[in-house]
Amino acid sequence: FFASRRGESENRRMRKFNAHQHRVTHVKGHGSDRRRRFMSEYVNFNAIMSPEVAAQFEEEPFELPDFVTADLHPSLLKRLKAAEGSILAAKVRRRTFGNINKADVDELCQLLQTKAKQDPLEDKESPKVLDLEGFILFSGPLLGLPLPALSRARDERDSEDELPPLPEMLRFPEAEAIFQKLPLDKDGFVSAEAFAEELAGKSQVMEFLESQAAKCSIPMKSREKLERLINWRIERDDALGTLFFTFVLLIIFYLVVQVNLDIKSNQEAETAVRSYISTFGSQLSGPFMDQHISDVSSFWSWAEESALAAFFGVAAIGADGITRFHVAGSNVLLGDVMVTHTNKDGDVSSEWLLHSTAAQSYLSTSNSSDYLGAARAAIQSFRRSNSDLNDPHSRAITLSCSIHNAPASKLLLVRVSSLFFITGDMDLQIFSTACADTAEILVEQMVVNILFVCCIIWLAYAELKDAVAAMAHGCKAFTEYWGVWNSVDWSCIALSIVTMIVWGVRLGYINSDQLQAVQKDGFDAMALTKQELQTMQDELQVIRAWSIAVRALTTCLAVTIILQFFKGFRANPRLQIVADAILKSLNNVAHFFLIFWTLFACFAIIAHMLFGSDIILFSSLLSSLEASMSTLMGEFEWYVQMAGKKSGYLNSGMPMVFVHLWFVIYICFALLVLFNMLLAMVLDSYGAAAQVLGKRADAPTIVTQTWRYIRRMQETRGFIPLRTLARDLLSLECHPGKVVTVTSLQAAFPQMKHEQAGYLMRTLFQEDKRQKATQQVLEGQDSGASQDFDPKEVANACLPAFHAATQPLLTELISTLTTFESKVATLQSNGLLDAATVDSLRTSFAKEMVTEMNGGKERPIERRFQGPRAHKIQVQLCCGSPEEDGFGVERI
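Computed from a prediction, not measured in an experiment: that's the story for all the values here.

## Focus on the pattern of salt bridges
Applying the stated criterion across every chain, the model contains 21 salt bridges. Taking the shortest distance from any N to any O, the salt bridge between Asp131 and Arg79 comes out at 3.5 Å. One end of the pair, Asp131, is in the loop between strand S1 (129-130) and helix H7 (132-139); the other, Arg79, is in helix H4 (residues 74-82), with 52 residues separating them in the sequence. The exposure classification of Asp131 matches that of Arg79, with both residues buried. Among the ionic contacts, a cluster of salt bridges with common partners joins Asp238, Asp466, Asp489, Lys567 and Arg723.

If you want it as structure tokens, here you go:
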């Protein structure tokens, strides 16, 4: 009786276990089989690429396309992902209906998790069935085709609420009609046996699935990926073109600066005049500007003795009989020198020396050519008539004049300025600004300027065309157009236009009648009236202001050109690595500078308080910050000078030891520690970026990329421009379908050639494969970093938990074996078994278990220990090695 009951229970458990084992075997088995089912086995790539290129996709496993899984209801997506590796779906895609068997249908039903209704008290396995929803998922998405209700592309602006509800999402009239013709049960399900029989013969189901498989055998990608690829290719090519264009633009811009601003010759002329005035003395002993001016009185003395002698001391009579005064060689003084005085209240008084009453009286009564004496007489009279000029509290005294250098074709505005402060300090400086004396444009200037204008016009045309196209597609497209790099391009265009306008205005002032008169033959500079001199000086002041504006604008223009280089660096990952390293380290560097500037400001404030009254570089807080930064960069001449004091004290009485302590601590802490930390942060980010770059599959050299670009231009000659395709694809009316094929592309763009459609599809597959390879490598790198462990440590850490989990199972096993031993002992005590038979039985049983645990091909060990705990028992028992069979037998 007990044997009978035990046999029935065993049979019932075995039936359940066999079902479970069949499911486990198929689920485990189809994973490896799935890896052997490649796209090239059921997708016909011959329509878009050559067999050699298609061979690259032999190792591409099947995955549900994004246009299938996009916008799906979560419940549908869950079922679809579970059945993604179905063997039945793979066979249908390959149209090998003759190899379909019931096990394949059972697996599909199991993966789709369709459960038939049954009596809960009935102790039998649930039958495998397929419902309408599963059939729709199988006949469309599992084969690689989107649901009909989701076949149209959606706008990015559409919200998730605009998706169709689940019943409408599953509307597939053709599939529904085919499903209704199947032998359904009362619950509307079709059994796995019935569905397998339909697929075995020539039926409507097979014909329908065969037509669906024929559709999915055509190479296809999503519309979203097509848009992304086209935009990516446009941006990449645009960045590469920008790189070469910016390189040419930079060369032309350099030539424009050279031939138009003429900075070098202007600087030479200005430096010559400044050096001449500052070092000129009426005698060998001076007075000299840099040595003998300390207050208002000494400035007037220097002006009378040396400054006026520098302006009027070297007279030359030309062949035309005109007297000219030379300043620093070939520079000729234009007419006169103006003296300007600002008193302590801010009132300004000025006088042209040679045009004053005192100078004219001197020239009329004395030598009419003694202009130096007349100028000195004018200054003396000016000081006598205005007592404020001798006031020691005067704010400023200025000598200004205009100079012409005919051989160098330069006009100069010269101003000697002395500022007096209430503290007794003063600031003495010579300002000289040179410009061309003619507005005529030379041939080289014309050529370079035309080239620069052509570059700007080409850039403006390209950007304007894109801006108009974006504007035609609505506010959102136009707003998205104004990204960082397009803003940089328009900034470059705007600055170029403004710079050219300002340059033209500057040339207009140079071309004035008053300034052009100095180049005429027989021009007498000493015959100029006071009004003419004032007009000439005012015009030179305006030219000086416009020249500063031109230099500021060209500086901003140079910055935009440099930024365009960074835009071009995006074309190649190897060029982008510097920008990537900076961006990756930006967060750490920002926190670093928060600490650095706090400590840096503290050191600067300490230096300002300790020796600001002795060292002029630290006299104010702002200058102390500047001097501290210069010291950090290695410019510490001030410290070398201070270290030479033998008394050991500064002028204010501060001990020199504070200077030494501040300098040593500041250099060691700020330079050797903090700056090296900053360098380590940047280098660490650069190393990480370089490591990622080495793993990428799409990182060619710039030479390789340029060659590919040229070859691609040759291959795509006569094709519709990608910008036109991208502009048209912004509207859903163009190619409304979500799936892109060669046929759909030609239907959406009637002018598109078959070669271009195939080229786009081939590029889609190749770029998708390259991106997947790069992503896999990068993910493998990240996961590999986290898998750097010692296996022994992991085993030791897991062993206590493993023992705790298996102890109840071992206790149950030992209890069962103890019961078995007691029964055997009872049989042996009754004389039914002798000792030798019992030992032989135990040994055989133990050997059989060890053989099965060590990989024997007899009955699996799970058949003895059924249920979900069987695997845990097997793992625990298999901890021994095959070489320890004797030990395992003894233990059992």
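Once the structure has been displayed, the description carries forward.
## Regarding helix H10 (residues 192-200)
Those residues of H10 that fall on the buried side of the exposure criterion are Ala192, Ala194, Phe195, Ala196 and Leu199. Residues of H10 that are buried sit in contact with helix H5 (87-93), helix H6 (102-112), S1, H7, strand S2 (190-191) and helix H11 (204-216).

## What to know about the layout of surface pockets
Space inside the largest pocket adds up to approximately 1600 Å³. Residue lining of the largest pocket: 44 residues in total, with Glu227, Asn231, Glu480, Ala726 and Leu730 positioned closest to the centre. Elements that contribute at least two residues to the lining of the largest pocket include exactly helix H3 (66-69), helix H12 (223-261), helix H18 (443-472), helix H19 (475-481), helix H20 (484-510) and helix H28 (722-729).

## Some words on empty space enclosed by the protein
Across all of its chains, the model carries four cavities of 30 Å³ or more by this definition. Every residue along the wall of the largest cavity is listed here: Leu413, Arg415, Phe431, Ser432, Thr433, Gln541 and Arg544. Counting residues per element, the ones that place at least two in the lining of the largest cavity are strand S10 (410-420), strand S11 (426-436) and helix H22 (530-569). Tallying contributions element by element places S11 first for the lining of the largest cavity, with three residues. As a volume, the second largest cavity reaches approximately 40 Å³. In terms of lining residues, the second largest cavity is bounded by Leu411, Leu412, Leu413, Thr433, Cys435, Leu540, Ile543 and Arg544.

## Focus on the nonpolar core
Ranked by internal contacts, the top residues of the largest apolar core, which has 75 residues, are Leu88, Val92, Phe135, Phe138, Phe195 and Leu745. At six residues, H11 tops the list of elements feeding residues into this core. Contact partners of Phe138, with chain neighbours within four places excluded, come to Leu88, Ala89, Val92, Leu108, Leu143, Phe195 and Leu209. In terms of nonpolar packing, the next biggest core, distinct from the first, is built from 46 residues, Trp302, Tyr371, Leu412 and Ile430 among them.

## Topic: a nonpolar patch on the surface
Together, Val657, Phe658, Leu661, Ile665, Phe669, Leu672, Val673 and Met677 line one region of the surface with nonpolar side chains, adding up to about 680 Å² of accessible area. Checked against the element boundaries, Val657 lands in helix H26 (residues 656-695).

## Structural notes on the side chain of Gln576
Examined against the element boundaries, Gln576 turns out to sit in helix H23 (residues 573-611). On the basis of relative accessible area, Gln576 is assigned to the buried category, the value being 17%.

## Topic: the packing of H20 against H22
Between H20 and H22, whose axes approach to 9 Å, the crossing angle comes to 160 degrees. Between H20 and H22, the interaxial angle falls into the category roughly antiparallel. In the crossing of H20 with H22, the sense of the turn from one axis to the other is left-handed. Residues that form the contact of H20 with H22 fall into these classes: 21 nonpolar, seven polar and three charged.

## Focus: the confidence of the model for the chain
Taken residue by residue, the chain gives an average pLDDT of 81. The fraction at 70 or more is 85%. Mean pLDDT across the secondary structure elements of the chain bottoms out at helix H1 (residues 2-35), with 39, and peaks at strand S7 (residues 338-342), with 94. Taken as a whole, residues 117-123 scores under 50 in pLDDT and shows seven contacts with residues more than four places along the chain or in a different chain. Under a pLDDT of 50 for its full length, residues 781-787 has, in the predicted model, three contacts with residues more than four places off or in other chains.

## Examining the pairing of strand S5 (residues 323-327)
Side-chain positions along a regular strand alternate between the two faces of the sheet. Across three bridges, strand S4 (residues 315-317) lies against S5 in antiparallel orientation. Note on S5: the bridge partner recorded for Ala316 is Arg324. Here S4 folds back onto S5, and the loop between the two strands holds five residues, one of which, Gly321, carries a positive phi near 80 degrees. Bridge analysis of S5 against strand S6 (residues 331-333) gives two bridges, and the strand direction is antiparallel.

Here is what the cut-offs are and how they apply
- Throughout this description, residue numbers start from 1 for each chain and increase along the sequence as written.
- Local features in this predicted model are restricted to residues whose pLDDT is 70 or higher, and side-chain atom pairs enter the listing and the counts only when it is 80 or higher, whereas totals over whole chains, interfaces and linings include all residues.
- Excluding hydrogens and water, the side-chain figures rest on all heavy atoms present in the structure.
- Every case where a carboxyl oxygen of Asp or Glu lies within 4 Å of a side-chain nitrogen of Lys or Arg is listed as a salt bridge.
- Labels follow the DSSP assignment, with helices taken as runs of H or I lasting at least four residues and strands as runs of E lasting at least two, numbered in each case from the N terminus.
- Using a 1.4 Å probe on the protein chains alone, a residue whose accessible area is under 20% of its type maximum counts as buried, one over 50% counts as exposed, and one in between counts as partly exposed.
- Note on definitions: a residue-residue contact is assigned when non-hydrogen atoms from the two residues lie within 4.5 Å.
- Here a cavity denotes grid points, spaced 1 Å and computed from the protein atoms alone, that fit a 1.4 Å probe unable to get out, and a pocket denotes an open set having protein on both sides within 12 Å along at least 5 of 7 lines; residues with an atom within 4 Å of a point are the lining.
- Grid points are joined across faces, edges and corners, and a volume is the space filled by probe spheres set on the points.
- Nonpolar cores are built from buried Ala, Val, Leu, Ile, Met, Phe, Trp, Tyr and Cys residues. Side-chain atoms within 4.5 Å join them into one set.
- Surface patches are drawn from residues lacking salt bridges whose relative accessible area is over 30%; two like charges belong together within 9 Å, two nonpolar side chains (Val, Leu, Ile, Met, Phe, Trp, Tyr) within 5 Å.
- All accessible areas in this document rest on Shrake-Rupley with a 1.4 Å probe, and a residue is counted as covered only by the protein chains that are shown.
- Throughout, an axis means a line fitted to C-alpha atoms (over the contacting stretch in the case of helices), and angles, computed between N-to-C directions, take values from 0 to 180 degrees.
- Every angle not falling under 35 degrees, over 145, or within 65 to 115 is termed oblique; those three ranges are roughly parallel, roughly antiparallel and roughly perpendicular.
- A clockwise turn of the near helix away from the far one marks a right-handed crossing, whereas an anticlockwise turn of less than a right angle marks a left-handed crossing.
- Nonpolar residues are Ala, Val, Leu, Ile, Met, Phe, Trp, Tyr, Cys and Pro. Charged residues are Asp, Glu, Lys and Arg, and all others, Gly as well, are polar.
- pLDDT is a per-residue confidence score from the predictor, ranging from 0 to 100.
- A strand pair is defined by DSSP finding two or more bridges across the two strands.

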